[in-house]
Amino acid sequence: MANGQWYPREWPDRIRALTEGRLTPVVPKRAATVMLLKDTDGAPAVHMLRRRASMAFAGGAYAYPGGGVDPRDDDRQIRWTGPTRAWWASRLGVDETSAQAIVCAAVRETYEEAGVLLAGPTPDSVVGDTTGDDWEADREALVARDVSFAEFLDRRGLVLRSDLLGAWTRWITPEFEPRRYDTWFFVAALPDGQRTRNASTEADRTVWIRPGEAADAYDKGDLLMMPPTIATLRQLRSYDTAAEALAAAPGRDLAPVLARARLEDGELVLSWPGHDEFTKHIPTGGASA
């Protein structure tokens, strides 16, 4: 492998099955992930975690905090400030209920996996240090789904700060994958007074790293990543501060990126529209190039 692109061995067989009509695509689940940024000298750093090698999906790959929507994320309206649900629905290309669920999932998963909470007691404030025992008990209750995020916010007297998020891009897991996600990627700045930690049971390491350095390590084959992760890192490397990246988010195209698989000249060709670097040519014998 010339770089660190995550590429499961079973993909060629599954791609063949899809192109031959022997595989029915799984309906993707809604998900959200957050590229958490903090300023360093000359460039912002992004918080990344390495998925445990034992994980069935993308084991050993570097990613951002995130995960699937909890069905209760759109159960009822939560305490909320910032752009309205209608605004987010238009921005994300979904209905208002789904918009709340996706934004809620982004904030909740960032707290569950990184210990960072984009919420505050008032519409213009953010909580400080969230590393105390009482905070940890609440975080663990969220992870265990013993309480919903709405219940957590109510108990704490907090409002979700949707204005601290910027929608960046949207990727859908390829149709031949057995686990599929329709994932919205967001950017956010690390709030003052908060700090990240490895709070995820799915990760064995976390790092703060500049996007350019992470992309260089991927190119050398030192860091394993899925296509959307390295694609977003390359996009982030042009910004000098976290604020610049957040300011750019509203202008970003959120048309979903979905891999295409086709038979061409005796090869299986896997491509991601708009991202030529990820194209794979797979001879019918099974080897990849």
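Residues numbered from 1 in each chain as written. Predicted model: local features only at pLDDT ≥ 70, side-chain atom pairs only at ≥ 80, totals over all residues. Heavy atoms only, no water.

A.B. asks: Which residues make up the nonpolar core, and what values go with them?
C.D. replies: Counting 41 residues, the largest nonpolar core has Met 35, Val 46, Met 48, Met 225, Leu 233 and Trp 272 as the members making the most contacts within it. Beyond its immediate chain neighbours, meaning those up to four positions away, Leu 233 contacts Val 46, Met 48, Tyr 64, Pro 211, Ala 214 and Met 225. Counting residues in hydrophobic clusters, the runner-up holds 40 residues, among them Trp 135, Ala 141, Phe 152 and Leu 158. (Core = buried A, V, L, I, M, F, W, Y, C linked by side-chain atoms within 4.5 Å. Buried < 20%, exposed > 50% of the residue type's maximum accessible area, 1.4 Å probe, protein only. Contact = heavy atoms within 4.5 Å.)

A.B. asks: Break down the pattern of salt bridges for me, citing the residues and quoting the values.
C.D. replies: Applying the stated criterion across every chain, the model contains 20 salt bridges. Note that Arg 161 is salt-bridged to Asp 163, the shortest N-O span being 2.8 Å. Overall, the relative accessible area of 36% leaves Asp 163 in the partly exposed class. Here the salt bridges share partners, and the residues they tie into one network are Asp 70, Arg 72, Asp 73, Arg 108, Glu 109, Glu 112 and Arg 145. (Salt bridge = Lys/Arg side-chain N within 4 Å of Asp/Glu carboxyl O.)

A.B. asks: Describe in detail the sheet that holds strand 13 (residues 267–272), supporting the description with residues and values.
C.D. replies: The strand order across the open sheet built from three strands is 12-13-14, with neighbouring strands paired in antiparallel fashion. For this open sheet the edge positions go to strand 12 (260–264) and strand 14 (275–283), each flanked by a neighbour on one side alone. Pairs of neighbouring strands in the sheet enclose a mean axial angle of 20°, with direction left out of account. Sitting on the sheet, helix 1 (residues 11–19) touches strand 12, strand 13 and strand 14, and the angle it makes with strand 13 is about 95°. (Pairing = 2+ DSSP bridges. Helix = DSSP H or I, 4+ residues; strand = E, 2+ residues; numbered from the N terminus. Axes fitted to C-alpha atoms, helices over the stretch in contact; angles between N-to-C directions.)

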